[in-house]
Amino acid sequence: MSFTLAIVGRPNVGKSTLFNRLVGKRLALVDDQPGVTRDLREGEARLGDLRFTVIDTAGLEEATDESLQGRMRRLTERAVEMADACLFIVDARSGLLPADEVFADILRRKNAHVILAANKAEGKAADAGYFEAFALGLGEPIRMSGEHGEGMGDLMLALDPIAKEF
Ligand code: GDP
Ligand code: MG
């Protein structure tokens, strides 16, 4: 058996970069420009010995009639329902923003199994943002850099009990 992991978090925290690293194929577009990625993307992830399905919540960057908050909520709730666990990513470089709290609330309300990750955490510039992430009350954040491949061992350790459960 395998499990499904949804990568959630506000735009630009590095979800698609991590998705691409886990899936190893360029299934999710990564771009600084708005309007590039769409909705939910699914791929088969490999991380050490672990094999699982990973969902990237995209589409948040697109301008539509629906408000960004509305889209964020709808897509995140859908991803949470599809997944066995969620990897909630915050940006250790920017520190916590009000939008991060919106996601934390959705995850709490949905009673989702949450793994918290402070991303873009390569280098000392990310120290303050990393420690700030503890304030979300979602446990000890994994310190990682999806772009540089740091923290993948800790991510594996966090996913291991989930893999054993499913
Ligand atoms: P998404 O909107 O959450 O899917 O974020 P993306 O994966 O598209 O990344 C947004 C921006 O952050 C891009 O410019 C990435 O190159 C950059 N980025 C992603 N991961 C990291 C990281 O680990 N460290 C740093 N410094 N930048 C990153
Ligand atoms: Mg993306």
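This one's a predicted model, so the numbers in the text were calculated from it and none came from an experiment.

Caption draft 1: Spatial organisation of helix H5 (residues 152-165). Helix length check: H5 (14 residues) gives 20 Å between terminal C-alpha atoms against 20 Å at 1.5 Å per residue, within 8%. Where H5 bends most, at Leu159, the angle is about 35°, and the proline Pro161 comes one to four residues later. Where H5 is concerned, the buried positions are Met152, Leu155, Leu159 and Ile162.

Caption draft 2: Examining the pairing of strand S4 (residues 85-91) more closely. The element S4 is largely enclosed, with a buried count of seven among its seven residues. Judged from the six bridges that link them, S4 and strand S5 (residues 114-119) form a sheet pairing that is parallel. Looking at the pairing, Cys86 lines up with Val114 of S5. Crossover S4 to S5 through helix H3 (residues 98-109) is right-handed.

Caption draft 3: Here's a closer look at unusual backbone geometry. Its identity as a non-glycine residue notwithstanding, Asn12 has a phi of 80°, on the positive side. Counting through the fold element by element, Asn12 comes out in the loop between strand S1 (4-8) and helix H1 (15-23). Look at Lys120: it is not a glycine, yet its phi comes out positive at around 60°. Mapping Lys120 onto the fold places it in the loop between S5 and helix H4 (127-132).

Calculation criteria
Residues numbered from 1 in each chain as written. Chains lettered and ligands numbered in written order. Predicted model: local features only at pLDDT ≥ 70, side-chain atom pairs only at ≥ 80, totals over all residues. Heavy atoms only, no water. Helix = DSSP H or I, 4+ residues; strand = E, 2+ residues; numbered from the N terminus. Expected span 1.5 Å × (residues − 1). Bend = angle between axes of the 7 residues up to and from the residue. Buried < 20%, exposed > 50% of the residue type's maximum accessible area, 1.4 Å probe, protein only. Pairing = 2+ DSSP bridges. Right-handed = clockwise from strand over helix to strand, strands pointing away.

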